[in-house]
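Take a look at the letters that make up each chain.
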Amino acid sequence: MLLNEPVIQLGPITFSAERNYAEEALLMSCAFFAGRDARRVLQLRFDRPPMRGDQRQDEQISENLMLYAKRHQLSERESEVLHLVLLGKDNQNIASTMHVALSTVKVHVHNILQKTGRTNRQDLIQDFWKTS
């Protein structure tokens, strides 16, 4: 195949190293189905980001949170709130975890949404996982 003329001649029989049309069609169909399945898997991750709640997910969030917070100029406290939002906690659970008032959490979430330009938590979570 690396020669200029990829043809092998063994007596009266000639072999070509190129694929025939059936092989090309099979290769193209395999590539199409592989691409389609990969798009589906990536779309699932975008629509429903991973919510396992294990140590690995927490590490992934921690790794990307600093860059995301710096990009959107979030304060340290807002970063803590965003971390808990990404873990799937609601405002009441965040307030009890951080030992602050519910209204304080609402203000932090509102500020995070304004700074990131998102309209709701789901958009915020999708944006975080899309950029990470």
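Above this text is the structure in question.
Throughout this description, residue numbers start from 1 for each chain and increase along the sequence as written. Local features in this predicted model are restricted to residues whose pLDDT is 70 or higher, and side-chain atom pairs enter the listing and the counts only when it is 80 or higher, whereas totals over whole chains, interfaces and linings include all residues. As a convention, hydrogens and water are excluded, and side-chain values are obtained from all of the structure's heavy atoms.

Here we take up helix α5 (residues 102–116). Helical segments are the DSSP runs of H or I of at least four residues, strand segments are the runs of E of at least two, and each set is numbered from the N terminus. Expected span, for any helix, means 1.5 Å times one less than how many residues it has. Across its 15 residues, α5 extends 21 Å between first and last C-alpha, which sits within 8% of the 21 Å expected from 1.5 Å per residue. Categorising residues by exposure relies on relative accessible area from a 1.4 Å probe, with only protein chains included: less than 20% of the type maximum marks a residue as buried, more than 50% marks it as exposed, and the intermediate range marks it as partly exposed. Among the residues of α5, those classed as buried are Val-105, His-108, Val-109, Ile-112, Leu-113 and Thr-116. When α5 is viewed along its axis, its buried side chains cluster within an angular range of 135° and face the same direction. Any two residues whose heavy atoms approach within 4.5 Å are treated as being in contact. Contact partners of the buried residues in α5: α2 (55–71), α3 (76–86), α4 (91–98) and α6 (121–131). In this description, one arc is meant: the one made by directions from the helix axis to the C-beta atoms.

Now for the side chain of Glu-78. The topology assignment puts Glu-78 in helix α3. Residue Glu-78 is classed as buried on the basis of its relative accessible area of 5%. Side-chain atoms alone can form a polar contact between residues adjacent in sequence; in general such a contact is a pair of N or O atoms within 3.5 Å, and within protein one must be able to donate a hydrogen while the other accepts it. Engagement of the side chain of Glu-78 in a polar contact is seen with the backbone nitrogen of Ser-75, the distance being 3.0 Å. Every residue in contact with Glu-78, bar those within four places of it in the chain, is listed here: Gln-73, His-108, Asn-111, Ile-112 and Lys-115.

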